[in-house]
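Each chain, letter by letter, is given below.
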Amino acid sequence: MNYNETLQYIHEKEDRGIVPGLDNIERLLGKLGNPERSMPAIHIAGTNGKGSIMAYVETILRLSGLKVGRYISPAIFDYKDRWIIDGQNPSEEYVADIFTRLEPFVSETEEELPPGPTSFEIETAAAFMMYKDSRCDVSLVECGMGGRLDATNVFTSTPIVVLAKISYDHMQFLGETIEDIAREKLGIVKEGDILVTYPQDTPVMDFIRSYIRDNFENVTLIEADINKLKIEEETLEGSTFSYKNEMYGISLLGRHQIYNAITAIETVRAFYGWIMARVKDDAASDKYGDAVFTKFDMCSDGIDRFVIMGLKKTVWQGRLEKLRDDPPFYIDGAHNEDAWITLSGNLERYFTDKKKIFIIGVLKDKEYPKMLDILTPYMDCAITVTTVNNKRALPGETLAELIKEKGVTAEAAPDYKYAVERAVTLAVSTGSVVIACGSLSFVGDMTGIVHGL
């Protein structure tokens, strides 16, 4: 297959939809020789913040000298963004080669377990093939949805598992209560793992502690501790804070990004501690190869300096990202109730005295009535869009009518370009800031349009 044929191949598999379960992926990876076991992994689940936490971790580990493979979903700007190898996307030629090699094993699995692997399962297998091929020292793997039955939940040992913030989303798959959702996310934890968690809300944190206590004999739980956090400054240029008596700075905006950063700090320290405990462990070296242990051992004089540098250097597009100065134009991939609560807090923190024009698109399987209750108090007017690249999109006209019912002026845009140009024109004439939010599906396209103005 060439690259275009690869895109067509995976597009055809998308019709299989979301199928929770591990039978297909485990069968497929077994045929490939279980490439996921060729290196240590850091596996992350959670509702919001997975990408930001792993972006911090990736930057820190690469600065420390490790070759890092990272698997994310969904891709925002380019299909190849799913797979990051040492900070770079793979080439089109390499992606096509991987899928060409993978296809016969997918066909075998389809015959044995019809209808066969989903597109996400195939992409997950491709990630592990790439990272083994590239001799990565560590893989950073984000769950697509949930955890227990997610296609990424294939590790026999990890050794580090991370929980980002847990809140309500995908309830049709994960359960209606926060405890049900947390239980599904915790399904990625294995005996002997080190579990690092974001500073969760009290009911969630209590559930995590009891779950680990009741289900495992040897899991180490590390909690990012906001009682040891002191925030010094939060501006539109970033934040500075101290955590456990060390000063840090980040460029990503929002209080939640500080919490994500301290979760990343604990994650890197946990991984570093795990490595240091095994530098002279022959069994560990035989399992993963010597490179990761040797490289990390070279950092033993000061892993904290890489943490400080890495946090400051980390960028993560589409998360309250400023795309334009005049007028100020920000885009945020906030796409569920909790993320919109976080966004509303950031609007109060950074834009209290500014009029706000929103560009909004949502998916029809989200709890958008609750989401609108959260954000319409901050809207001076809204331009709605249909996320045309997603079959689950709520029509822009429907969304506009719902916003009008809440007393906010709203209009439906025929396309993204019109929405951006209309919002910019209104913002210039009224001295407003533009906020585009509601779905990750339009972040890439809209970013390109704004940059092209």
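Further up the page is the structure itself.
Right, let's walk through the structure included here.

The rules behind each value
- Residues numbered from 1 in each chain as written.
- Predicted model: local features only at pLDDT ≥ 70, side-chain atom pairs only at ≥ 80, totals over all residues.
- Heavy atoms only, no water.
- Phe/Tyr/Trp six-rings, centres within 6.5 Å; stacked < 30°, edge-to-face > 60°.
- Helix = DSSP H or I, 4+ residues; strand = E, 2+ residues; numbered from the N terminus.
- Buried < 20%, exposed > 50% of the residue type's maximum accessible area, 1.4 Å probe, protein only.
- Axes fitted to C-alpha atoms, helices over the stretch in contact; angles between N-to-C directions.
- Parallel < 35°, antiparallel > 145°, perpendicular 65-115°, else oblique.
- Contact = heavy atoms within 4.5 Å.
- Nonpolar A, V, L, I, M, F, W, Y, C, P; charged D, E, K, R; others polar.
- Pairing = 2+ DSSP bridges.

### Regarding the packing of aromatic side chains
- For the coordinates displayed, the defined rule picks out 12 aromatic pairs.
- Judged by centre distance (6.1 Å) and plane angle (75 degrees), the ring pair of Tyr 198 and Tyr 259 falls under edge-to-face. Pair noted here: Tyr 198 is in the loop between strand 6 (194-197) and helix 8 (202-215) and Tyr 259 is in helix 9 (residues 255-276), with a separation of 61 residues, a long-range link. One exposure class covers both Tyr 198 and Tyr 259, and it is buried.
- Every member of this aromatic cluster is reached through a ring pair, and the members are Tyr 79, Trp 83 and Phe 99.

### A closer look at the packing of helix 13 (residues 337-350) against helix 14 (residues 368-375)
- The geometry of helix 13 relative to helix 14 is characterised by a closest axis approach of 9 Å and an angle of 10 degrees between their N-to-C directions. By the angle between their axes, helix 13 is roughly parallel relative to helix 14. Residue-level inspection shows Glu 337, Trp 340, Ile 341, Leu 343, Ser 344 and Leu 347 of helix 13 in contact with helix 14, the latter providing Lys 370, Met 371, Leu 372, Ile 374 and Leu 375.
- Of the residues assigned to the contact of helix 13 with helix 14, the class counts are eight nonpolar, one polar and two charged.

### Structural notes on the sheet that holds strand 7 (residues 220-223)
- One open sheet accounts for seven strands, arranged 3-2-4-1-5-6-7; its pairing is mixed. On the outer flanks of this sheet lie strand 3 (83-85) and strand 7, each paired with one strand and no other. Averaged over all pairs of adjacent strands, the angle between their axes in this sheet comes to 15 degrees, without regard to strand direction.
- Where strand 6 and strand 7 come together, four bridges link them in parallel fashion. Bridging across to strand 7, Leu 195 finds its partner in Leu 221.
- Contacts between helix 8 and the sheet are confined to strand 5 (159-163), strand 6 and strand 7, with strand 7 contributing the most and set at about 165 degrees to the helix.

Taken by themselves, the reported measurements are silent on function.
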